Every structure is written in C-alpha cells, then in structure tokens.
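One letter stands for each residue in the lines below.
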Amino acid sequence: MRHYLPVEQRAFGFMCISMGVGLLAAATSCTQVPVESRPSLLGERRLSAAVASDTTGYEMAAPRDPNGIGTYYLGRQIAHVMGHEGANWLERTGRRQEEGTDILLRELNLKPTDVVADIGAGTGFFSFQLAKRVPRGQVLAVDIQPEMITALQENKQKLKVRNVRPVLGTTTNPALPADSVDVVLIVDAYHEFDHPREMGRAIRRALRPGTGRLALVEYRAEDANVPIKRIHKMSIGQARKEMAAVGLVLTDSIETLPQQHLLLFKRP
C-alpha cells in the first residue's frame, strides 16, 4: 500500500492479518469476541491438527524481481514486507487524499454492530477510523509485529477508543475467532503475505457464514500509470484466482478509489 517507486519496502506491520496458528473459539454474540489476544497452547495445537500444512500452489525459485522473495504463489512472486521501522509511512500526510481512504470506508457499508478485522493494522490508521463506524461493534487490529501491537495499544489509550482490540497474529494465521467476523479488511498488505494460502484459509474460517465479507484492497496491476512497483500491485484476475483457491467467491469489484481495486469476496 505504501510502495511508491522510491520506497523499497512497505510498513504494513502485518498484520489486522503474515502469521502461525490462531484462536479457534467462536464469538459469543454479534458484537462480542473472546478476550484473548493470543491463542492458548491447547487451541493452537487443535488448530494445527485441524489445518495441516497445505503447500498447494507454492513454488520456490530465484527472485525474478529483487523486491520480492524467492517464493511464488499461483504464479505470483510474493513481495518483501516492510518492518515497523517504516511505521511513519502509514501515518504520512496526504494519505487520505492519495488513497481515497474516506471513499474506501464509505464503500464498506458497515453496520454499527459489525465485528471488523483490520489485517496488517500497523499503527491503526484504519482501525481507529473503523471503530467510529461500528460504535456497538468491535475492531480486531491484527499485526504480526510486537512493535506494531505496542504502537496500537499506545494509540488506543491516547485516543481513548474502547472498541479496538490489538491482536498479535503470525505469518500463517491472524488469530481470529471462527465464524465471527463480519468484515475482514486487508489494505495493500495481502501481496506481502509469506503464506497467502494458509492466511486465506484462516480468513475464510473467521468470516461469519453467509454474510461475512473480505474486502481486499490492492493497487491496480492493470494500470501502468499507477506509480507503484509492479510487484506491489495485483490484478483482479490474480486476486480472484487466489481467493477461489481457498473457497472465497468474488461478489463485487469497486473501482471508485484513485489507484486501488476494492474487491469484495464472500464465503459461500
């Protein structure tokens, strides 16, 4: 999301979703989720047993692009992740206008009671804005970097926001309760997931059956005028293929953002 040509790596603090094994307990109501931020050892073992390692679609090869790692998923080279050192990039001046973030939040059509997971939450740029739109719901701000979780906690206290809960995930699982999340939002982070298949399966499991939605935001690979390195873009076709591989169906492609796709997927 933050990869303009001069920038080598993006601060996506992964992740409200790059991760290991997560929380299996389901939420007790529409707006309530378990208190734990990390899965218990027993829950982690149960989930590990239930979700055996699945390497379908992966290929190891020399990096074709130096900005990516030597792992390819369904033909796409995975990009390097920017660490917490780039946190200021997430809060940069002009981001709202540059990315049309207000438009994005409006297009999500959130309900006041929704449970929203912000994967790759970083410092909480989106998390705290989402919280205002779900006053009777909750925002699960997921990241894999402890430093980002610390920043989220500090911002939560400073802003006095009660309905944002930082969650420390892993590179294979966002530690989200099963069947309990109304909307999962991933902004310019999915293309950097080290384990996109495992993450995709975990996200699908977390979505509320029948109504849960994944909102995937990525820079348009189809548009050469978008000033982002190619490896940090994604086409609709590639996104659709990767989500279909984990059982998610594309329901809408919203093209109102200045430079990004907003792709909505559902769990059948």
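So, here is what we can say about the structure in this document. All values derive from a computational prediction rather than experimental measurement. (Residues numbered from 1 in each chain as written. Predicted model: local features only at pLDDT ≥ 70, side-chain atom pairs only at ≥ 80, totals over all residues. Heavy atoms only, no water.)

**Considerations on the overall build of the protein**
As a reminder of what qualifies: Secondary structure follows DSSP: runs of H or I at least 4 residues long count as helices, runs of E at least 2 residues long count as strands, and numbering of each begins at the N terminus. To sort residues, take the accessible area from a 1.4 Å probe on protein chains only and compare it with the maximum for the residue type: under 20% means buried, over 50% means exposed, and anything in between is partly exposed. Every accessible area reported is derived by Shrake-Rupley at a probe size of 1.4 Å, with residue values counting cover from the shown protein chains alone.
When helices and strands are counted, the protein shows eight helices and eleven strands. Classification of the 268 residues of the protein by burial places 58% in the buried group. For the protein, the computed accessible surface area is about 11,100 Å², with 53% contributed by carbon and sulfur atoms.

**Focus: the layout of surface pockets**
The cut-off we apply is this: Think of a 1 Å grid over just the protein atoms. A cavity is a set of points where a 1.4 Å probe fits yet cannot get out, a pocket is an open set with protein on both sides within 12 Å along at least five of seven lines, and lining residues have an atom within 4 Å of a point. Grid points are joined across faces, edges and corners, and a volume is the space filled by probe spheres set on the points. Each residue gets one label: Ala, Val, Leu, Ile, Met, Phe, Trp, Tyr, Cys and Pro are nonpolar, Asp, Glu, Lys and Arg are charged, and the others, such as Gly, are polar.
In this model, the largest pocket occupies a volume close to 200 Å³. Sorting the residues of the lining of the largest pocket by element identifies β3 (76-79) and β9 (233-234) as the ones contributing at least two each. Split into classes, the residues belonging to the lining of the largest pocket amount to two nonpolar, four polar and five charged.

**What about the sheet that holds β3?**
Across a sheet, strands are paired by hydrogen bonds formed along the backbone, either parallel or antiparallel in direction. Rules: Strands are labelled as partners when DSSP assigns at least two bridges between them. Every axis corresponds to a line fitted to the C-alpha atoms, with the helix fit spanning only the stretch in contact, and the corresponding angles, defined between N-to-C directions, vary from 0 to 180 degrees. Contacts between residues were defined by any pair of non-hydrogen atoms, one from each residue, lying within 4.5 Å.
Pairing within the open sheet is antiparallel, and its three strands lie in the order β1-β2-β3. Across the chains shown, the open sheet's two edge strands, defined by having one partner strand only, are β1 (58-60) and β3. For this sheet, the mean angle separating the axes of adjacent strands, direction not counted, is 40 degrees. Across the sheet, helix α7 (residues 196-206) is in contact with β1, β2 (68-73) and β3; its angle to β1 comes to roughly 160 degrees.

**Some points on the side chain of arginine 220**
Which entries qualify depends on this criterion: Residues adjacent in sequence count toward polar contacts only when both atoms are side-chain atoms; beyond that, a polar contact is any pair of N or O atoms within 3.5 Å, and within protein one must be able to donate a hydrogen and the other to accept it.
When you line up the elements, arginine 220 lands in strand β8 (residues 213-220). At 3.2 Å, the side chain of arginine 220 and the backbone oxygen of proline 258 are in polar contact. The residues contacting arginine 220, other than those within four sequence positions of it, are Val226, Lys233, Met234, Glu255, Leu257, Pro258, Gln259, Gln260 and His261.

**So, the pattern of salt bridges**
Filter applied, for reference: Should a side-chain nitrogen of Lys or Arg be within 4 Å of a carboxyl oxygen of Asp or Glu, the pair is scored as a salt bridge.
Inspection of the entire model under this criterion finds five salt bridges. Where glutamate 242 meets arginine 76, a salt bridge forms, and the shortest distance between an N and an O atom there is 2.7 Å. Residue glutamate 242 is found in helix α8 (residues 236-244), and its partner arginine 76 is found in strand β3; the two are separated by 166 residues along the sequence. Side by side, glutamate 242 and arginine 76 carry an identical accessibility label, which is buried. In this structure, arginine 220 engages glutamate 255 in a salt bridge whose closest nitrogen and oxygen atoms are separated by 2.9 Å. Separated by 35 residues along the polypeptide, arginine 220 in strand β8 and glutamate 255 in the loop between β10 (249-254) and β11 (260-266) bring together distant segments of the chain.

**A word on the nonpolar core**
Within soluble globular proteins, side chains that are nonpolar generally end up buried alongside one another. The test is simple: The definition of a nonpolar core used throughout is a set of buried Ala, Val, Leu, Ile, Met, Phe, Trp, Tyr and Cys residues joined through side-chain atoms within 4.5 Å.
Core analysis: the largest hydrophobic core is formed by 31 residues, its most contacted members being Val184, Ile186, Tyr190, Leu214 and Phe265. Elements that contribute at least two residues to this core include exactly β2, β4 (115-119), β5 (138-143), β7 (183-187), α7, β8, α8 and β11. Listed in part, the 28 residues of the second largest apolar core include Leu108, Phe126, Phe128 and Leu257.

**Some words on the pairing of strand β6 (residues 164-168)**
Quick reminder of the rule: Place the viewer so that the strands point away; then a crossover is right-handed whenever the path from the first strand over the helix to the second strand goes clockwise.
Of all five residues in β6, five are buried, a share of seventy percent or more. With burial as the criterion, each face of β6 is covered, one bearing Val164, Pro166 and Leu168 and the other bearing Arg165 and Val167. When β5 meets β6, the two strands line up parallel, connected through five bridges. Bridged to valine 139 within β6 is valine 164. Note on the crossover from β5 through helix α6 (residues 146-159) to β6: the handedness is right-handed.

**A few points about the environment of glycine 212**
Within the element layout of this structure, glycine 212 appears in the loop between α7 and β8. By relative accessible area, glycine 212 is classed as buried at 0%. Each C-alpha atom of the pair glycine 212 and valine 181 lies 6.3 Å from the other, and the pair is 31 residues apart in sequence. Excluding its chain neighbours within four sequence positions, the residues that come into contact with glycine 212 are Val181, Asp182, Leu207, Phe265, Lys266 and Arg267.

**Quick notes on α6**
The following threshold applies: For a helix, the expected span equals 1.5 Å multiplied by the residue count minus one. The arc refers to the directions leading from the helix axis to the C-beta atoms.
Between the first and last C-alpha of α6 there are 20 Å, a value that for 14 residues agrees with the 20 Å anticipated at 1.5 Å per step. Those residues of α6 lying buried are Met148, Ile149, Ala151, Leu152 and Asn155. Taken around the axis of α6, the buried residues stretch over an arc of 160 degrees, which confines them to a single face. The exposed set on the far side of α6, more than 90 degrees from its buried face, consists of Gln157 and Lys158. The positive-phi residue at the C-terminal boundary of α6 is lysine 160, with phi of around 55 degrees.

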